[in-house]
Amino acid sequence: MGLFDRGVEIKTPEQIAGMRKAGLVVGRTLELLRASVRAGTSTAELDAIAEDSIRSSGAVPSFQGYHGFPATICTSVNDEVVHGIPGDRVIAEGDVVSIDCGAIVDGWHGDAAITVAIGDVPDEVAELMRVTEEAMWRGIAAARLGGRVTDISHAVETFVRSRGRYGILEDYTGHGIGSQMHQPPNVPNYGRPGKGPRLVEGLALAVEPMLTLGAKDVSVLEDDWTVVTDDGSWAAHFEHTFTITPRGTWALTALDGGEAALTALGVPYGGD
Ligand code: MG
Ligand code: MG
């Protein structure tokens, strides 16, 4: 367990190194899934690939049994935004599939998500994916030691609004992460900067913009998990777990630690 400062878990450098192990398992599993998903693949097949990848790495899937969730990953297709349950659904040409993955190594969590286009998708859908991924990086890049959590929120929203009229989910947010997958503080994808807990060394956060091509309004299906847009518009979701070291910013679930994306945004890379 890390130390808690007003509900926010502060990790030691050794504990952050443990989170990097979990993050790499998540990152490698997502890359394997990106390479595996194609038209004709069922979401249950993707789930089996993910579980094998995580367990063969000596890690544990963190989603299994989380509040009763019945699978290793979430697979959310087209107008499904997040929390889709893998099953019989077969991926079709032209779909977009959001895959969310979590793993635990030695008690430390990693959590990340990608959205993948299957073959050709309309330009506006491809652009939605690009905007969502860059919004995630812009949010991470806005986090500095001594800043505040909603500096991230503000950067995500500002970038999204600069790119067009997208729906930004408000009922689902990023979060603190460490010895549990979901910890304080929440990291909303909108709002004014300068609020919330201070960003300090040893804090780890998951930043995860969820954007739609339409409105922000969503509902949960009768399976009690799958979050879908009310207007049927398609959605995208990207997520990384990151921390800030004295040297810079470190995306713990990115295979390169986020070095390429952060450097491109002028942010010092803080990984090892
Ligand atoms: Mg996630
Ligand atoms: Mg998350």
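Residues numbered from 1 in each chain as written. Chains lettered and ligands numbered in written order. Predicted model: local features only at pLDDT ≥ 70, side-chain atom pairs only at ≥ 80, totals over all residues. Heavy atoms only, no water.

Asks: Got a minute to help me understand the packing of aromatic side chains in this structure?
Replies: One pair of aromatic rings is described through two measures. These are the centre distance and the angle between the planes. By the definition in use, this model includes two aromatic pairs. Consider the rings of phenylalanine 63 and phenylalanine 69, whose centres lie 6.4 Å apart with planes at 90 degrees: the pair is edge-to-face. Note on phenylalanine 69 and tryptophan 225: the rings are 4.9 Å apart at their centroids and 85 degrees apart in plane angle, and the pair reads as edge-to-face. Residue phenylalanine 69 is found in the loop between β3 (60-61) and β4 (73-77), and its partner tryptophan 225 is found in the loop between β13 (218-220) and β14 (227-229); the two are separated by 156 residues along the sequence. Members of the aromatic cluster, joined through ring pairs, are Phe63, Phe69 and Trp225. (Phe/Tyr/Trp six-rings, centres within 6.5 Å; stacked < 30°, edge-to-face > 60°. Helix = DSSP H or I, 4+ residues; strand = E, 2+ residues; numbered from the N terminus.)

Asks: Please explain the pattern of salt bridges as it appears in this structure.
Replies: Once the charged atoms of two side chains with opposite charge are near each other, the side chains can pair. Within this structure, the stated rule accounts for nine salt bridges. Here lysine 11 and glutamate 9 are joined by a salt bridge, their closest N and O atoms 3.3 Å apart. The pair formed by lysine 11 and glutamate 9 is uniform in burial state, with each residue classed as buried. As a salt-bridge pair, glutamate 134 and arginine 138 come within 2.7 Å of each other at their nearest N and O atoms. Taken as a pair, glutamate 134 and arginine 138 lie in helix α3 (residues 123-141) at a separation of four residues, close to a single helical turn. Assessed through its relative accessible area of 34%, arginine 138 is described here as partly exposed. Via salt bridges that share partners, Glu127, Arg130 and Arg163 belong to a single interconnected network. (Salt bridge = Lys/Arg side-chain N within 4 Å of Asp/Glu carboxyl O. Buried < 20%, exposed > 50% of the residue type's maximum accessible area, 1.4 Å probe, protein only.)

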